[in-house]
Amino acid sequence: MERDDNRHEASKVFVSTSHCSSGCTLGDAVGVPLVALTSLTIAGSTLFAHYLVEFILAYVFGILFQFAAIYPMQKKKGAKRSFFDSIKADTISLIAFEVGMFGWMAIVHYFLFATPPKPSTATYWFMMQIAMILGFLTSYPANWILVKKKLRKRCKIVQLLNLLHKSCERFFYEPQT
């Protein structure tokens, strides 16, 4: 049940950017409460602690997400090669995402409010939503360049759906031994 991917280039890059953004967003969603609960600071700043923890988590999640997408499509090259390809595919787009996001959060922290909003408030999370949108917007051009230079594969949603379909077929229809 192979399907052709007939979407325009911009749509393919959009999906690829969404894939990158999901790892970043998960890293941020896990990192914010972690920093808040531990009262971690770097150089006396919780903002710098957020930057470091969220970047590390976003990078780890991003690489894992990339590996989950890349490895099934290139099993013949092996897990090690797929892992390094995942790092190569995610590094620049992740940095571009975090530049947009962290830039906005710096504006929020230092300029928009007399006292920066706390992670326990709706205002903080609303500002984070804006930050994530800006992160998406700053990573889209980076993903476009990576796709053009073939450093990042277009996220081929059709291939991912085919893999999911085959996995479900094996699980539900093949006899278990």
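A short tour of the structure in this document, coming up.

Reading the values: the criteria
Residues numbered from 1 in each chain as written. Predicted model: local features only at pLDDT ≥ 70, side-chain atom pairs only at ≥ 80, totals over all residues. Heavy atoms only, no water. Core = buried A, V, L, I, M, F, W, Y, C linked by side-chain atoms within 4.5 Å. Buried < 20%, exposed > 50% of the residue type's maximum accessible area, 1.4 Å probe, protein only. Helix = DSSP H or I, 4+ residues; strand = E, 2+ residues; numbered from the N terminus. Contact = heavy atoms within 4.5 Å. Patch = residues over 30% accessible without salt bridge, like charges linked within 9 Å, V, L, I, M, F, W, Y side chains within 5 Å. Areas by Shrake-Rupley, 256 points an atom, 1.4 Å probe, with all protein chains shown as cover. Salt bridge = Lys/Arg side-chain N within 4 Å of Asp/Glu carboxyl O. Phe/Tyr/Trp six-rings, centres within 6.5 Å; stacked < 30°, edge-to-face > 60°.

1. Quick look at the nonpolar core
Counting 18 residues, the largest nonpolar core has Cys24, Met101, Trp104, Met105 and Met128 as its most contacted members. Broken down by secondary-structure element, the contributors of at least two residues to this core are α1 (9–38), α2 (46–70), α3 (79–112) and α4 (122–148). For this core, the leading source of residues is α3, giving seven residues. Sequence-distant contacts of Cys24, that is, excluding residues within four places in its chain, are made with Ala58, Leu94, Phe97 and Glu98.

2. Thoughts on unusual backbone geometry
For Ser39, which is not a glycine, the phi torsion comes out positive at approximately 55 degrees. One can find Ser39 in the loop between α1 and α2. Since its relative accessible area comes to 55%, Ser39 is described here as exposed. Phi at Ala43 takes a positive value of approximately 55 degrees, unusual for a residue other than glycine. Mapped onto the fold, Ala43 is located in the loop between α1 and α2.

3. Focus on a nonpolar patch on the surface
Together, Ile42, Phe48, Leu52, Ile56, Val60, Leu64, Ile107, Tyr110, Phe111 and Leu112 make up an exposed nonpolar region whose accessible area comes to about 950 Å². At the level of secondary structure, the elements contributing two or more residues to the nonpolar patch comprise α2 and α3. The element best represented in the nonpolar patch is α2, accounting for five residues. With respect to the helices, strands and loops of the structure, Leu52 is situated in helix α2.

4. A word on the pattern of salt bridges
On inspection of all chains with the given rule, the structure shows two salt bridges. Between Arg81 and Asp85 there is a salt bridge whose closest N-O contact spans 3.1 Å. With Arg81 and Asp85 both in helix α3 and four residues apart, this pair spans about one turn of that helix. Taking relative accessible area as the criterion, Arg81 reaches 41% and is therefore assigned partly exposed. Since its relative accessible area comes to 10%, Asp85 is described here as buried. Linking Lys88 and Asp85 is a salt bridge whose minimum nitrogen-to-oxygen distance equals 3.8 Å. Within this pair, Lys88 and its partner Asp85 are both found in helix α3, separated by three residues, close to a single helical turn.

5. Side note on the packing of aromatic side chains
All chains considered together, the criterion is met by nine aromatic pairs. Arranged with centres 5.8 Å apart and planes meeting at 70 degrees, the rings of Phe83 and Phe84 form a pair that is edge-to-face. A relative accessible area of 48% places Phe84 in the partly exposed class. With 6.4 Å between their ring centres and 40 degrees between their planes, Phe136 and Tyr140 make a pair best called tilted. Within this pair, Phe136 and its partner Tyr140 are both found in helix α4, separated by four residues, close to a single helical turn.

Everything listed here is a matter of coordinates, which is why it stays silent on function.
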